[in-house]
Amino acid sequence: MRYQQQKPSPALAPYVASFWMGEVDVSPEQIFHYRDIARSQAELLFLYEGTFDAPVTGVAGQGLHGPSSCPKPYRSSARTLGLFGVQFYPHALPELFSIPAINLANQSVDLADFSGRQQAALAEQIGLAGSFAERVRIMTLFLESRLQNAIPQNPAITSAIYQIRQTHGLINIRDLAQETAYSQRQFERLFKQQAGFSPKAYARIIRFESVIARYCQSTKSLTELAHECGYFDQARFNHDFKTFTGYNPSQFFSYLANPFSVAS
């Protein structure tokens, strides 16, 4: 699998986490599996080559995917698969697309349903582009044009989302609510609108993501990193891992190493 990732322009940095591209060549006797695990971010995904097989979720992969607390498995029997994605911080959904993040939590909108005329033209441009750099350029121009009509969100809630990300989910939610001057109930309601989940659930996903990210860049054991990220109960960590990926840790990392199976 060929993979590339790029950070956004300074103007888009408050909204976009990254652009990425993945290209896969699949031999005739194999099936490629793509597992979208739980994530704090939203994602706009394009398939510029190949297709996913009929998915369990009812969405063909290509489209706008909200933040999620559960895995979504896809598979493709195409011989070549090309994917281009944009990972958004959840508050970008209401700001750039006028969609409250809570409306897309654990949900996906097919590109055909999400696209207006401008987005349909965008999908065609992404499909015809000849390189990752060209796709990033096209998407950057599109998103920067939307900044002109961005709908500002509650800055106190945006700041709370940012603090949870910066602390990798290790922050006292009650203290965070008090900083906003909202009641606990108001804080949670407003937070869900912008992040898709309650502050506690969002922090839980962020903490889990931190373990995975560190494990992929560290020589430490998964148990050590889980402890560093606030998992002092192995049973709780194993439960979260299964909930967020559908696998136990050994199964998940085996899948990452080889996302193929023999076609039947």
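Refer to the structure above for everything that follows.
Reference entry: report on the structure contained in this document.

As for its placement among the helices and strands, Val-136 is situated in helix H5 (residues 132–146). Sequence separation between Val-136 and Pro-8 is 128 residues, and the spatial gap between their C-alpha atoms is 8.5 Å. Setting aside residues up to four positions removed in sequence, Val-136 forms contacts with Gln-6, Phe-19 and Phe-84.

Among the structural elements, Lys-72 can be located in strand S6 (residues 72–76). Within the buried set, Lys-72 has no salt-bridge partner at all; the shortest N-O distance to an opposite charge, 5.1 Å, is to Asp-36. One polar contact links Lys-72 to Ser-108, side chain to side chain, over a distance of 2.5 Å.

This paragraph deals with helix H8 (residues 184–195). Look at H8: 16 Å from first C-alpha to last across 12 residues, which is about the 16 Å you get at 1.5 Å a residue. When we look at burial in H8, the residues that qualify are Phe-187, Leu-190, Phe-191, Gln-194 and Ala-195. Buried residues of H8, viewed axially, fall in a sector of 115°; they line one side. Looking at the buried residues of H8, the elements they touch are helix H2 (101–104), helix H6 (155–166), helix H7 (173–180) and helix H9 (199–215). Of the residues flanking the end of H8, it is Gly-196, one or two places downstream, whose phi is positive at about 95°.

Each pocket or cavity is described by its volume, and for the largest pocket that value is around 1,500 Å³. Lining the largest pocket are 40 residues, and of these Tyr-3, Gln-5, Gln-41, Gln-87 and Ile-212 lie nearest its centre. Elements with a minimum of two residues in the lining of the largest pocket: strand S1 (2–6), strand S2 (16–25), strand S3 (30–36), strand S4 (42–49), H6, H9 and helix H12 (249–257). Here the lining of the largest pocket gets 7 residues from one element, more than from any other, and that element is H9.

This brings us to unusual backbone geometry. A positive phi is found at Ser-98, a non-glycine position, where the angle reads about 60°. Of note, Ser-98 is situated in the loop between helix H1 (92–97) and H2. Accessibility expressed as a relative area gives 52% for Ser-98, which makes it exposed. In the Ramachandran plot, His-168 falls in the positive-phi region, its phi being about 55° despite a non-glycine side chain. Secondary-structure assignment places His-168 in the loop between H6 and H7.

Read from one edge of the open sheet, 3 strands run S6-S3-S9, paired in antiparallel fashion. Edge positions in the sheet fall to S6 and strand S9 (260–262), since each of these pairs with one other strand and no more. On average, each strand axis in the sheet is inclined to that of its neighbour by 30°, with strand direction left out of account. One ladder, built from 3 bridges, connects S3 with S9; its direction is antiparallel. Looking at the pairing, Phe-32 lines up with Phe-260 of S9.

With that settled, consider the pairing of S3. For S3, the tally of buried residues reaches 5 of 7 residues, placing the bulk of the element in the interior. Relative to S6, S3 runs antiparallel, the two sharing 5 bridges. Opposite Tyr-34, over in S6, you have Tyr-74 as the bridge partner.

Phe-19, Phe-84, Val-86, Phe-88, Met-139 and Leu-143 are the most contacted members of the largest nonpolar core, which totals 29 residues. Those elements that place two or more of their residues in this core are S2, S4, strand S7 (80–88), H1, H2, helix H4 (117–128) and H5. The element contributing the most residues to this core is H5, with 6 residues. Setting aside residues up to four positions removed in sequence, Val-86 forms contacts with Val-16, Ser-18, Phe-19, Trp-20, Ala-42, Glu-43, Leu-44, Met-139 and Leu-143.

Rules behind the numbers
Residues numbered from 1 in each chain as written. Predicted model: local features only at pLDDT ≥ 70, side-chain atom pairs only at ≥ 80, totals over all residues. Heavy atoms only, no water. Helix = DSSP H or I, 4+ residues; strand = E, 2+ residues; numbered from the N terminus. Contact = heavy atoms within 4.5 Å. Buried < 20%, exposed > 50% of the residue type's maximum accessible area, 1.4 Å probe, protein only. Lys, Arg positive; Asp, Glu negative; His and termini not counted. Salt bridge = Lys/Arg side-chain N within 4 Å of Asp/Glu carboxyl O. Polar contact = N/O pair within 3.5 Å; in protein donor to acceptor, adjacent residues only side chain to side chain. Expected span 1.5 Å × (residues − 1). Arc of directions from axis to C-beta. 1 Å grid on protein atoms, 1.4 Å probe; cavity = no way out; pocket = protein on both sides within 12 Å on 5 of 7 lines; lining within 4 Å. Points joined across faces, edges and corners; volume = space filled by probe spheres on them. Pairing = 2+ DSSP bridges. Axes fitted to C-alpha atoms, helices over the stretch in contact; angles between N-to-C directions. Core = buried A, V, L, I, M, F, W, Y, C linked by side-chain atoms within 4.5 Å.

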